[in-house]
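# Close look at the chain arrangement
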Amino acid sequence: MGQREGSGTGLRQAEAVIVERYPQLLRLAYLVLPPDLDRHTRLLRAHRAVQHSLRAAGRRARQGGDPLAAVRAEVVRHAAGRLRGPLPPWVWGLRMWPSAEGLDEAARGLAGLTPFARAAYVLCRFDALGEDAAAQLLEQAGAGDPAGEVRAARAAAAGPGAAGAAPGAAEAAGSATVADPGPAGGPGDGTGPRADGGAGLAAGAGPSTGAGLSGGAEPRPGSETILHPAAVHTRPTDLLLRRTRVRAAWGLAAVLLLAAGLTRATAAGPDPGLPAPYAGAPAARAALDPARLVRVPAGAWSDTGRVDFTAWPARGPRTGDRALLTRALGTWAAPTPDTAVSVAPGVSAEPPGHPPQLLFAGDPAPGTLVVVLLDADRIVRYTERGGRRSLDIARTDDANVTTAASVTLTRDTGTARRLLAPWIATAGVRDLTAPAGTARPLPIGPDGTVTTELPRGSADERAGGAAAPGAGGEGCGPRPVLELVSSPRIVEKHAFLLADLGGLLPVHLTYTPPADGADAPPARQPREATGPAALTRWAQEACTLGEVDGRAVRAVNLWDFAVTELPESTGRAVWSCARATHWDGRGDVRIRLRPPAGASLAVAHAESTAACGRFGQHLLAATLWRAPSGHGYQLAAGSREVAEITATGSLHTRTTGRTLTVPAPPASAPPAALTATLHSGAVITALDARGGGRD
């Protein structure tokens with residue numbers, strides 16, 4: 001308790017000295033500081049030296065020292081040493097300098113002295129200390145040679161000629177003194193003219209004489225407060241420059257705040273579940289963070305004008321399994337070498353640039369974990385099975401009620417597990433090769449999944465090893481397809497077929513019937529292949545689906561564009577165009593001729609064409625056909641706008657109407673060239689592998 005009281009007493013004594021003699025202490029620090037500083041900076045540092053002397057001076061006073069001497073010693077030590085900043089006080093928007101002009105003149109006169117010699121000069125000249133007392137105070141302030149510093153100050157006081165003299169020379173100068181023109185018996189205060197032309201100090205008396213630099217006289221009352229830097233002049237700084245600096249400061253503050261935010265975002269370190277290339281990038285971390293996955297409410301599909309994958313809710317028993325979702329996202333971002341990656345044609349495998357949408361996370365089969373994600377126009381399926389991982393990526397451009405109705409989760413021996421869209425009311429499976437049969441209902445699980453059979457040999461077909469299919473379902477076995485019915489909240493009485501062709505998404509099957517007769521209706525659009533006529537025709541062409549790449553195709557439309565009477569009373573044959581439309585809009589077409597009996601004939605095949613589609617409705621096809629009698633015939637048929645067909649080359653004939661039947665040229669003759677004239681007068685060529693079918 002007593003120690004605390006002694007400590008407080010020393011500090012209070014030092015504080016009282018600083019408050020009472022602040023102008024004189026400020027003058028001491030101002031003149032001790034380096035003279036090359038500008039007046040504003042020098043003044044602020046003088047204030048700092050005085051104010052920061054409190055604690056050390058308090059310790060000296062507590063130990064029994066003179067409080068005034070302790071404060072002066074600490075002021076000298078701070079001013080003569082290196083001030084570490086920035087320290088208070090601070091001043092913004094103002095420039096300050098002392099009102100007493102004589103201070104700067106005195107500072108210039110002391111520029112050649114050391115800081116401690118300048119302190120001795122001020123202590124003896126302005127504060128009226130004897131040389132012995134000044135040397136003792138300098139020793140407390142840390143001077144290495146206090147007596148030498150006092151002698152140097154005395155030499156400076158002797159005038160310009162003696163300022164640079166050695167301390168010994170100053171001592172030999174004798175005892176003559178030159179006093180300032182103040183009142184008799186007192187030293188000058190530095191405000192009037194000085195007889196010595198320099199600092200105006202008495203010089204020549206050595207320390208042993210006891211006279212000191214001040215000549216041993218006492219100061220005039222109040223004179224020690226006349227020349228000090230406590231009174232100041234002030235002016236504003238450059239106002240325009242200040243405005244520019246304020247703006248720059250705000251900009252710098254904004255940059256620092258942004259940098260601090262980014263530092264905080266990455267301070268926690270990379271997520272061990274994320275791959276190394278993306279673990280440290282803030283944007284990638286956000287896109288691959290399971291907590292940021294987009295999750296659509298369960299009933300959103302019934303209250304939106306966009307019925308596609310974006311309306312799917314997150315389903316499955318593992319939508320909250322953060323570890324599984326982290327592995328799925330990490331594998332998508334950086335698949336390991338042992339990860340099987342399957343990417344549909346024209347799809348990017350790059351990781352998402354923003355958090356994807358979660359569609360499913362669960363275990364649809366024993367020992368199998370599946371996560372399905374949607375990223376804009378891509379759908380991704382992540383699978384873990386038997387310690388191995390796989391990644392399947394497919395396109396979803398312009399998906400709709402039908403093409404966004406199902407996703408394949410797993411395929412096992414003979415069966416597949418599928419996730420249905422939330423707007424599917426009922427589901428069934430039917431054999432596409434048996435048009436007279438009915439669809440067998442499928443139970444839809446609570447998570448929206450169903451189990452269906454796979455077509456026989458489908459694995460070989462997906463691997464590209466299927467043999468050329470026959471016609472009429474012969475040789476390819478049953479072809480199970482999904483028959484789904486949409487909820488009446490989306491569209492009433494809407495049923496459609498989806499076929500598993502080996503891709504992540506099933507393929508939508510449609511049918512366009514022929515338009516015959518003079519009173520034929522306008523061009524018909526594809527319709528759902530669920531009616532009797534559509535099922536009959538698809539049963540005849542079911543095995544041709546094995547030629548379709550299910551990874552890239554979203555829909556196949558079977559268009560019966562013409563019916564022709566075969567020669568020799570053989571019967572009627574149907575000309576059809578099966579167009580497989582890719583997700584990117586391209587189309588592959590196959591023209592076939594279906595006679596009343598026997599296998600259908602492949603007529604033409606073209607890739608990446610608009611034929612048989614919305615923007616390629618004018619079509620001409622031709623083929624050679626051999627009758628049961630053995631005679632060959634040149635057959636041709638066109639779509640509903642064809643008015644005339646012309647054959648040139650090895651054949652020279654012209655016929656009105658949409659069909660042409662003439663005896664075939666000799667086998668040794670080159671193929672005939674066929675063209676068709678439309679009702680509009682435009683001419684198209686026959687479709688073949690080189691194109692055709694265009695004006």
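Up top is the structure these notes are about.
Reading guide: rules and limits
- Residues numbered from 1 in each chain as written.
- Predicted model: local features only at pLDDT ≥ 70, side-chain atom pairs only at ≥ 80, totals over all residues.
- Heavy atoms only, no water.
- Helix = DSSP H or I, 4+ residues; strand = E, 2+ residues; numbered from the N terminus.
- Buried < 20%, exposed > 50% of the residue type's maximum accessible area, 1.4 Å probe, protein only.
- Contact = heavy atoms within 4.5 Å.
- Areas by Shrake-Rupley, 256 points an atom, 1.4 Å probe, with all protein chains shown as cover.
- Core = buried A, V, L, I, M, F, W, Y, C linked by side-chain atoms within 4.5 Å.
- 1 Å grid on protein atoms, 1.4 Å probe; cavity = no way out; pocket = protein on both sides within 12 Å on 5 of 7 lines; lining within 4 Å.
- Points joined across faces, edges and corners; volume = space filled by probe spheres on them.
- Nonpolar A, V, L, I, M, F, W, Y, C, P; charged D, E, K, R; others polar.
- Pairing = 2+ DSSP bridges.
- Axes fitted to C-alpha atoms, helices over the stretch in contact; angles between N-to-C directions.
- Parallel < 35°, antiparallel > 145°, perpendicular 65-115°, else oblique.
- Left-handed = near helix turned anticlockwise from the far one by under 90°.

## Some details on the overall build of the chain
For the chain, the helix and strand inventory stands at 17 helices and 27 strands. Split into buried and exposed, the 695 residues of the chain put 46% on the buried side. The contacts in the chain between residues at least 6 apart in sequence include a share of 62% that link residues at least 24 apart. With an accessible surface of roughly 32,700 Å², the chain has 54% of that area assigned to carbon and sulfur atoms.

## Some remarks on unusual backbone geometry
Of note, the phi angle at Ala 376 is positive, near 60°, even though the residue is not glycine. For Ala 376, the position within the fold is in the loop between strand S5 (368–375) and strand S6 (378–385). In this structure Ala 376 comes out as exposed when scored by relative accessible area, which is 57%. A positive phi is found at Asp 398, a non-glycine position, where the angle reads about 55°. Mapping Asp 398 onto the fold places it in the loop between strand S7 (388–395) and strand S8 (406–412). Residue class for Asp 398 comes out exposed when judged on its relative accessible area of 66%.

## Remarks on the environment of Arg 118
Tracing the chain through its elements places Arg 118 in helix H7 (residues 115–125). Note: C-alpha distance between Arg 118 and Ala 107 (11 residues apart in sequence) is 8.7 Å. Ignoring sequence-local partners within four residues, the contact set of Arg 118 consists of Leu 31, Val 32, Leu 33, Pro 34, Pro 35, Leu 110, Ala 111 and Leu 113.

## Let's talk about the side chain of Thr 623
When you line up the elements, Thr 623 lands in strand S21 (residues 620–626). What Thr 623 contacts, discounting residues up to four positions off in sequence, is Trp 575, Leu 593, Val 603, Tyr 633, Gln 634 and Leu 635.

## Regarding the nonpolar core
The nonpolar side chains of soluble globular proteins are, as a tendency, buried together. Counting 53 residues, the largest nonpolar core has Phe 309, Val 371, Ile 379, Trp 423 and Leu 484 as its most contacted members. If near-sequence neighbours (up to four positions away) are discounted, Ile 379 is found in contact with Phe 309, Leu 359, Val 372, Leu 373, Leu 374, Asp 392, Ile 393, Ala 394, Thr 396, Val 407, Leu 504 and Leu 505. Ranked by size, the runner-up nonpolar core spans 50 residues in total, among them Tyr 30, Ala 119, Val 122 and Leu 129.

## Brief notes about the layout of surface pockets
Roughly 890 Å³ of volume is contained in the largest pocket. As for the largest pocket, its lining consists of 37 residues, and the residues nearest its centre are Gln 525, Pro 526, Cys 612, Gly 613 and Arg 614. At the level of elements, strand S15 (507–512), strand S16 (527–528), strand S17 (553–566) and strand S18 (571–582) are the ones that each hand at least two residues to the lining of the largest pocket. When residues of the lining of the largest pocket are assigned to their parent elements, the largest contribution, 6 residues, is made by S17. Grouping the constituent residues of the lining of the largest pocket by class yields 12 nonpolar, 15 polar and 10 charged.

## Considering the sheet that holds S7
In space, the 5 strands of this open sheet follow the order S3-S7-S6-S5-S4, with mixed pairing throughout. Either end of the sheet is taken by a strand with one partner, and the two such strands are strand S3 (340–343) and strand S4 (357–365). Taken pair by pair, the neighbouring strands of this sheet meet at an average axis angle of 15°, ignoring direction.

## Considerations on the pairing of strand S26 (residues 673–678)
Side chains of S26 alternate between two faces, with Leu 674, Ala 676 and Leu 678 buried and Ala 673, Thr 675 and Thr 677 left unburied. Here strand S23 (residues 642–648) pairs with S26 via 6 bridges, running antiparallel. Directly across from Thr 646, in S26, lies its bridge partner Thr 675. Two elements, S26 and strand S27 (residues 683–685), share 3 bridges in a ladder whose sense is antiparallel. Counterpart to Thr 675 in the pairing with S27 is Thr 685.

## Notes on H7
Of all the 11 residues making up H7, 10 are buried; the element is thus mostly covered by neighbouring parts of the structure. Phe 116, Ala 117, Arg 118, Ala 119, Ala 120, Tyr 121, Val 122, Leu 123, Cys 124 and Arg 125 are the residues of H7 that are buried. At its buried positions, H7 is contacted by helix H2 (22–32), helix H5 (67–80), helix H8 (131–141) and helix H9 (146–157).

## Side note on the packing of H2 against helix H3 (residues 39–51)
Packing of H2 against H3 leaves a shortest axis separation of 8 Å and a crossing angle of 125°. Taken as axis vectors, H2 and H3 run oblique relative to one another. Viewed along their axes, H2 and H3 form a crossing whose handedness is right-handed. Facing H2, whose interface residues are Tyr 22, Leu 25, Leu 26, Ala 29, Tyr 30 and Leu 31, H3 presents Arg 39, Arg 42, Leu 43, Ala 46, His 47, Ala 49, Val 50 and Gln 51. Taken together, the residues of the contact of H2 with H3 break down into 10 nonpolar, 2 polar and 2 charged.

## Some details on the sheet that holds strand S24 (residues 653–656)
In any sheet, the strands associate via hydrogen bonds between backbone groups, in a parallel or an antiparallel arrangement. A sheet is described by the order of its strands in space; here 4 strands give the open sequence S24-S23-S26-S27, paired in antiparallel fashion. This sheet does not close on itself; its edge strands, each paired only once, are S24 and S27. Here the average twist between neighbouring strands, direction ignored, is 20°.

## Focus on the environment of Leu 325
Along the chain, Leu 325 turns up in helix H15 (residues 322–333). Residues contacting Leu 325, with those up to four places away along its chain left out, are Pro 290, Leu 293, Arg 295, Thr 319, Leu 358, Ala 361 and Val 371.

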